[in-house]
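Observations on the model geometry
Letter by letter, the chains look like this.
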Amino acid sequence: MGHYGNRVMNPAPKGAAKGLSVAAAIDVGGVTEVGAGPAITWAGFPSGDSKLRLSGSWSTTDRRRVRLSERIGDRRPVGLRLRGDYDYKPNLRFYGIGNETPSANRSVFLLESASGEAALLFGASPLRQLRLVGGYSVMGPRRGYQGTPRLEDVFPPGSLPYQDRATQELLYGATGDFAALDDGRDPTIGVHGRVELRRAAGVRDRDPDFNQWLVEGRAYAPVFAKRRVIALRAVYAGVDPTGGTPTLPFYRLVQTDGPLRFAGYPSHRFRDQQLLLGRIEYRWEVWHRIRGTALYELGEVAPQASAFTARAARWGYGGGLRYGLTDEAALRFEVANSVEGIQATLTMRSGF
Amino acid sequence: MRPRGRSRAALALALSCALLLALPARVLCSPAEDHAPAGGPSHAAHDTSDSGVDNGTWVDHDGRPIPQPPDWEPSFWGHQFREAISEPLSHAFDIPDKMLFLARVLGAHTRREAVNVNVFDEAPNSTWFTNRNHMRAVPVADLARGPDSLAVPTKPWVVKHAKQGGASAGFQIKDADGKKWLVKLDPRDHPQLSAGADMVARTLVHAAGYNVPHNEPVRFRKSDIKIDEDLLRGAKGEHFTQADLDSLLSRGAVLSDGTYSAFASLFLPGHVLGSPSMRRRRPGDSNDWYRHTNRRELRGLYVLCSWIDDWDTKDHQFLDTFLARPDSLGHVDHYLLDVGSSFGAQANGPKALWQGYESTVDFGWIARRFVMFGFAIEPWRQAHENSGIPSVGNFESEVFYPGHFATEQQQAAFREMTDADAYWGAKIVASFSNAQIAAAVGSAHYEDPRASEFLVRNLIQRRDKIARYWFGRVAPLDFFWIDDGMLRFHDLAVDIGLAGARGYDVEVESESGRDRSHKRLTLTTAKMDLRTLPGGATRLELQLSIPGSGSGPVRVELSRTGPDWIVTRVRHAG
């Protein structure tokens, strides 16, 4: 007797995998910077709803990264998250400090950083969660390579704060997400607020003390149908020296990188003590969870709030594709134009 | 001299161009036959019978005893990638194919016609297909009973294995008679959604001519089931507890009398070889002599799927089994499985609204949506598919357009479908009467009377749309026979009431020895008096068309045998 039926017609629904698994970790930092390495995941360590993940990569430009994360009860009302990061980037871009730095000042330096953070999570959903955080961070700039000119060739030694000095900080504070959305991955209506407040205390006397914050608001509204959405985003981020610290290290200033990158500009193009960013984006359904995007963005950095002026804002416009991966991350491909030309980016950012 | 040279050059160029255009046209026009091995069906067979028609090619002898072929089936993910992404892209960028499209103005066919068609443009009976309803109407009583015998799994049931794979919840059982069944539960809150769809679809698909497995809608209570002792203990590696069973049942639908709603599939007889490919022959099966993309019944299946909205048709919804005789020789049978993803259903609930209207990766719609900034309006958005009936799901007939039906992945055989194949499929669909449709729907015994009414009404509307659409592309003139010196035929559109009585244009080419003559006739009814044609003619070629219709003509060939004529070849949209 033969049979039919117990054959895979569709992918079988998978339960949460348990145990040790090894996969490849790919880091894409640009067209010429692709990193690869192993990623080891231990699901169920140390308890049933926990996951330990260790990954490392080494890129074509000699960037080295190691990341360790452990989540315990992440989707429970109270949970714990541990993170450790090591990043060795030999060609980090630096253009100077301020909103008016010329693009011709582009230089590279090596930034080696390591950090560890523990977070106590209150709230089962990452979109509605308060986190009490505490951690340690060490950063130090050095002579860069894999690119020219080097920072010290453009900015003479001593012209930048902490140009050749590493700093160590203890950080503590609170972060939180407060969202009311119809869909975490692809919201069509709702609001989402994010707050990050951290206080940094220098480990040694010579290390600076400062406050670090980020306030972000997102809003979504459908355009006559859920498949067409207007999305708005506003970010105010900054670092403020405290405790008699006169200036902050140039590498600890707020910079236009990652989720704070200005559309149409290279990463790390601007940095200063404060940053304002506003974006309006029109999204429309292209295929399943892939959305087309058309965007307009204004961004600016300044040493203090009073220095922001509408006239100095950096604009960029463009479009691309967005794929909502999880409630916390979206894969985005964008092509944007600004006064400095066209930039194409592929990023995996926080949910927006 | 120079003008003459120029004219010669122009003539040579013109001849070269004509040759270049004519060659592919000739090649493409030629009947694209996959050569059958010795002993295979002969398309040239002219077996004269009393009815005046050639009946020599009604059986495709592909059930001859052969050794068991090796188990094989196409890779699931390979198939998905190929049909969803690789093939559509390669076809989109097939520039020579696009250039040959222009050759259509010269009368060339850019697509190969199906190869397993007999002289009457029909698919002969085979291990894939049996001519049923469109040849001889299946009795309404048979349709009301469904395609199977009345065997149902007798209680109590013993759970032997958990169901592996697939989206629906279920388990394997051995019934009180020792028969093995696979039980699939209807999704929670949707009693009879899958079971009903499977029953109705199987009844229609079987009556259309395809082989289907033996499934039965069943009702059971928890007290009817017990778990096999070995399975409870995990003695053979597989562990299934009462808690697992409770968890499974919690995903199932409950009927008004408190019983669970499900359907049970009897294990097919024979050795399972795996799914066939809709593209290529089965390795090791010497009876499988046609490339599957060139089989009429696989191409024309598109139209049947569009009728019942079976959007999930793919290689892995077919299954081949080898039924061996005592001497270990046997033959391969081909079954169409899991037609339960039809009408408004899918395994775990009502189907998604886009299914049936778009493929999973539909590059055309993706591009249209992208460039129109989300203002493209897909047909499925305009269709009011939500029936509001839990046992029906999402199904409609208002927006349904027969030529735009889409399966989840494009299928190789469907992609190769020609108008002649589609006409054949439409002929089968149109052969179902309202009473037959009602009987087939009745076989599911829907508890909710709205479900039966809704399905019957929509199936009738979809059938009529299919008939209008494909009969508008190919003249539905068929079933030619000779009766007392008259060539008679059926106008299927008239037969089923889609068109009133109408006339027909006929171009007659008669052959008498080396002489050929042409004649134009107009018929006022579906018959033609052959006695009015030249007396010495030994062969006739007729091209029948419907005046004022854009539908493709039908070509009919007749040969004289003694005082009588016989029909020797029929081709639609030829």
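Residues numbered from 1 in each chain as written. Chains lettered and ligands numbered in written order. Predicted model: local features only at pLDDT ≥ 70, side-chain atom pairs only at ≥ 80, totals over all residues.

1. Here we look at the overall build of chain A
- Looking only at helices and strands, chain A features one helix and 18 strands.
- Against the globule reference of 20 Å for 352 residues, chain A gives a C-alpha radius of gyration of 22 Å, in line with a compact fold.
- Over its C-alpha atoms, taken along the principal directions, chain A stretches across nearly 85 × 50 × 40 Å.
- A burial count over chain A gives 29% of its 352 residues as buried.
- In chain A, once contacts between residues fewer than 6 apart in sequence are set aside, the share between residues at least 24 apart is 55%. (Helix = DSSP H or I, 4+ residues; strand = E, 2+ residues; numbered from the N terminus. Rg over C-alpha atoms; globule rule 2.2 N^0.38 Å. Buried ≥ 20, exposed ≤ 12 C-beta atoms within 10 Å, placed from the backbone. Contact = placed C-beta atoms within 7 Å.)

2. Some points on the overall build of chain B
- Helices and strands together make up the secondary structure of chain B, namely 16 helices and 20 strands.
- By the burial criterion, 44% of the 574 residues in chain B qualify as buried.
- Within chain B, residue pairs in contact and separated by at least 24 positions form 72% of the contacts whose partners lie at least 6 positions apart.

3. So, the pairing of strand β14 (residues 486–491) of chain B
Residues and elements named next belong to chain B.
- Of the two faces of β14, the one lined by Leu-487, Phe-489 and Asp-491 is fully buried and the one lined by Met-486, Arg-488 and His-490 carries no buried residue.
- Pairing geometry for strand β13 (residues 477–483) and β14, over five bridges, is antiparallel. Each bridged residue has a counterpart across the sheet, and for Ile-482 the counterpart in β14 is Leu-487.
- Alignment of β14 against strand β17 (residues 527–529), held across three bridges, turns out to be antiparallel. (Pairing = 2+ DSSP bridges.)

4. Observations regarding the sheet that holds strand β9 (residues 318–324) of chain B
All names here are of chain B.
- Read from one edge to the other, the open sheet built from three strands follows the order β8-β9-β10, with strand pairing classed as antiparallel. Edge positions in the sheet fall to β8 (271–274) and β10 (330–336), since each has one partner strand and no second. Sheet twist, expressed as the average angle between the axes of neighbouring strands with direction ignored, equals 30 degrees.
- Pairing geometry for β8 and β9, over three bridges, is antiparallel. Bridge pairing in β9 places His-271 opposite Phe-322. (Axes fitted to C-alpha atoms, helices over the stretch in contact; angles between N-to-C directions.)

5. Points about the sheet that holds β13(B)
Residues and elements named next belong to chain B.
- Taken in spatial order, the three strands make up an open sheet running β13-β14-β17, and their pairing is antiparallel. Looking at strand neighbours, the two that pair on one side only are β13 and β17, the edges of this open sheet. The sheet shows a mean angle of 20 degrees between the axes of neighbouring strands, taken without regard to direction.

6. As for helix α2 (residues 76–92) of chain B
- The end-to-end C-alpha distance of α2(B) is 23 Å, a good match for the 24 Å that 17 residues give at a rise of 1.5 Å each.
- B:Arg82 marks where α2(B) bends most, by close to 40 degrees. (Expected span 1.5 Å × (residues − 1). Bend = angle between axes of the 7 residues up to and from the residue.)

7. Focus: the packing of helix α9 (residues 301–308) of chain B against helix α13 (residues 419–430) of chain B
Residues and elements named next belong to chain B.
- One way to put it is that α9 packs onto α13 with a least axis distance of 7 Å and a crossing angle of 45 degrees. In terms of their interaxial angle, α9 and α13 are classed as oblique. Read as a crossing pair, α9 and α13 show a hand that is right-handed. Two secondary-structure elements touch here, α9 through Leu-301, Tyr-302, Val-303, Leu-304 and Trp-307 and α13 through Ala-422, Gly-425, Ala-426, Ile-428 and Val-429.
- Looking at the contact of α9 with α13 residue by residue, the class counts come to nine nonpolar, one polar and no charged. (Parallel < 35°, antiparallel > 145°, perpendicular 65-115°, else oblique. Left-handed = near helix turned anticlockwise from the far one by under 90°. Nonpolar A, V, L, I, M, F, W, Y, C, P; charged D, E, K, R; others polar.)

8. Here's the deal with the confidence of the model for chain B
All names here are of chain B.
- Averaged over every residue, the pLDDT of chain B is 86; the share at 70 or more is 88%.
- In the predicted structure, residues 1–5 sits below a pLDDT of 50 and forms zero contacts with residues beyond four places in sequence or in another chain.
- For the stretch residues 15–55, pLDDT sits under 50, and the model shows 59 contacts to residues farther than four places along the chain or on other chains.
- Taken over the whole predicted complex, pTM reads 0.82, whereas the ipTM for its chain interfaces reads 0.82. (pLDDT = per-residue confidence, 0-100.)

9. Here we look at the nonpolar core
- Ranked by internal contacts, the top residues of the largest apolar core, which has 119 residues, are B:Leu304, B:Ala426 and B:Val429.
- Of all the elements, helix α5 (residues 193–208) of chain B adds the most residues to this core, at ten residues.
- Those residues in contact with B:Val429 that lie beyond four places of it in its chain are B:Val303, B:Leu304, B:Trp307, B:Arg463, B:Ile466 and B:Ala467.
- Among the nonpolar cores identified, the runner-up in size contains 30 residues, and A:Phe109, A:Phe155, A:Tyr265 and A:Ala336 belong to it. (Core = buried A, V, L, I, M, F, W, Y, C linked by C-beta atoms within 7 Å.)

10. Some words on the environment of B:Gly234
Residue and element names in this part refer to chain B.
- Checked against the element boundaries, Gly-234 lands in the loop between α6 (229–233) and α7 (242–250).
- With 11 C-beta atoms counted inside 10 Å, the residue Gly-234 sits in the exposed group.
- Here the alpha-carbon distance between Gly-234 and Arg-280, two residues 46 residues apart in the chain, equals 41 Å.

11. Comments concerning the pairing of strand β6 (residues 107–125) of chain A
Residues and elements named next belong to chain A.
- Taken together, the 15 bridges between strand β5 (residues 78–94) and β6 define a ladder with antiparallel strand orientation. Each bridged residue has a counterpart across the sheet, and for Asp-85 the counterpart in β6 is Ser-115.
- Summarising the sheet, β6 and strand β7 (residues 128–143) pair through 15 bridges and their orientation is antiparallel. Looking across to β7, one finds that Ala-119 is bridged to Val-133.
- Hairpin geometry of β6 and β7 is characterised by an intervening segment of two residues between the two adjacent antiparallel strands.

12. Observations regarding the confidence of the model for chain A
- For chain A, mean pLDDT is 91; residues scoring 70 or higher make up 94% of the total.
- In the predicted structure, residues 1–15 of chain A sits below a pLDDT of 50 and forms 39 contacts with residues beyond four places in sequence or in another chain.

13. Quick look at unusual backbone geometry
- Cis geometry marks the peptide bond from A:Phe45 to A:Pro46; its omega dihedral reads 0 degrees.
- Mapped onto the elements of the fold, A:Pro46 is located in the loop between β2 (33–43) and β3 (50–59).
- Following B:Lys155, the chain continues to B:Pro156 via a peptide bond in cis, the omega torsion being 5 degrees.
- Following the sequence through the fold, B:Pro156 ends up in the loop between α4 (140–145) and β1 (157–162).
- Of note, A:His268 is a non-glycine position whose phi angle comes to about 60 degrees, a positive value.
- The topology assignment puts A:His268 in the loop between β12 (254–255) and β13 (271–272).

14. Some remarks on the packing of α13(B) against helix α15 (residues 449–471) of chain B
All names here are of chain B.
- Between α13 and α15, the least distance of the axes is 9 Å, while the angle of their chain directions is 145 degrees. Crossing hand, α13 versus α15: left-handed. Contact with α13, carried on its side by Ala-422, Tyr-423, Ala-426, Val-429 and Ala-430, involves Arg-463, Ile-466, Ala-467, Trp-470 and Phe-471 of α15 and no other residues of that element.
- For the contact of α13 with α15, the class distribution of residues is nine nonpolar, no polar and one charged.

15. Concerning the environment of B:Asp288
Residues and elements named next belong to chain B.
- You can see Asp-288 is positioned in the loop between β8 and α8 (296–299).
- A C-alpha to C-alpha distance of 8.7 Å links Asp-288 and Val-332, two positions 44 residues apart in sequence.
- Apart from the residues lying within four places of it in its own chain, the contact partners of Asp-288 are Asp-62, Arg-281, Arg-282 and Val-332.

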